[in-house]
Amino acid sequence: MAMDAKYTDVETFLHDMETEKLVSEMKRYVQHGRVSTYEHCVSVVRLSLGINRAFHLNADMDSLLKGAMLHDFYLYDWHDDDNGAHKWHGFFHAQKASRNAKKYFRVNRKIQHIIESHMWPLNITRVPHSREAWIVCLADKYVSFFETVFGR
Ligand SMILES: [Fe+2]
Ligand SMILES: [Fe+2]
C-alpha cells in the first residue's frame, strides 16, 4: 500500500496517492465551490511544502505530506443533508478524518495529530503542537479562503 512508504518527494507522493482507491474517493466530494475534497487536499499539500520551504521550518516531510493529504479524509460530502448528519461538520470532521486515516492506513500519532488539530481555533481544545500541524493548519485556512471566495 502506497501509504506505507516513507516519502520525501512531493511528486512521487502525489503520483502514488492517485492510485490509492480511498484517497481518490475524495474526488467525488465537493469541498468549496467547484473544488473537490481531493483537489483541496492536494492544494494544502503544495502550500504546506511552500510554507516549510519559505520559512526554513525543516518539517518532517513524510508526516507533512500525509497529514496534509489526509487532513480532510472524512469521506462524505458535507453539503449533503443526510438527515442532519453533517450539521456539525466543522466541529467533528477532523476527528472523523483522523479515525479514517488510522483505520485504513495505520498512520502514526504524529500524523493523526496534524489531522485532528487542523480545525483549530474552531476546535478550540485541539491546539496544534508540532511544526507540521501548524503548517497544515495555516495552509488549510489560506487555501479554504480562496476556494470559498473564488470557487477554485
Ligand atoms: Fe477540514
Ligand atoms: Fe481542509
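Now for a look at the structure at hand. (Residues numbered from 1 in each chain as written. Chains lettered and ligands numbered in written order. Predicted model: local features only at pLDDT ≥ 70, side-chain atom pairs only at ≥ 80, totals over all residues.)

**Some details on unusual backbone geometry**
Omega for the peptide link from W120 to P121 comes to 5 degrees, which places this bond in the cis form. With respect to the helices and strands, the residue P121 is situated in the loop between α6 (109-116) and α7 (131-150). Non-glycine residue L75 carries a positive phi angle of around 60 degrees. Of note, L75 is situated in the loop between α4 (61-70) and α5 (89-105). Even without being a glycine, D82 presents a positive backbone phi close to 45 degrees. Turning to its location among the elements, D82 is positioned in the loop between α4 and α5. Since 10 C-beta atoms lie within 10 Å of it, D82 is described here as exposed. (Helix = DSSP H or I, 4+ residues; strand = E, 2+ residues; numbered from the N terminus. Buried ≥ 20, exposed ≤ 12 C-beta atoms within 10 Å, placed from the backbone.)

**Quick look at the environment of S117**
On the secondary structure map, S117 appears in the loop between α6 and α7. Expressed as a C-alpha distance, the spacing of S117 and H71, which sit 46 residues apart in the sequence, is 9.0 Å. When sequence neighbours within four positions are dropped, the list of residues in contact with S117 reads R126, V127, P128, A133 and C137. (Contact = placed C-beta atoms within 7 Å.)

**Considering the packing of helix α3 (residues 37-54) against α4**
Across the interface, α3 lies against α4 with an axial gap of 7 Å and an inter-helix angle of 145 degrees. Considering the relative orientation of α3 and α4, their crossing is right-handed. Packed against α3, whose contacting residues are C41, V44, V45, S48 and N52, the element α4 presents L64, L65, A68 and M69 at the interface. Classifying every residue of the contact of α3 with α4 by side-chain character gives seven nonpolar, two polar and no charged. (Axes fitted to C-alpha atoms, helices over the stretch in contact; angles between N-to-C directions. Left-handed = near helix turned anticlockwise from the far one by under 90°. Nonpolar A, V, L, I, M, F, W, Y, C, P; charged D, E, K, R; others polar.)

**Things to note about the packing of α4 against α6**
Packing of α4 against α6 leaves a shortest axis separation of 9 Å and a crossing angle of 40 degrees. Between α4 and α6, the crossing angle belongs to the class labelled oblique. Crossing handedness for the pair α4 and α6: right-handed. Counting all contacts with α4, which are made through S63, K66, G67 and L70, the residues of α6 involved are K110, I111, I114 and I115. (Parallel < 35°, antiparallel > 145°, perpendicular 65-115°, else oblique.)

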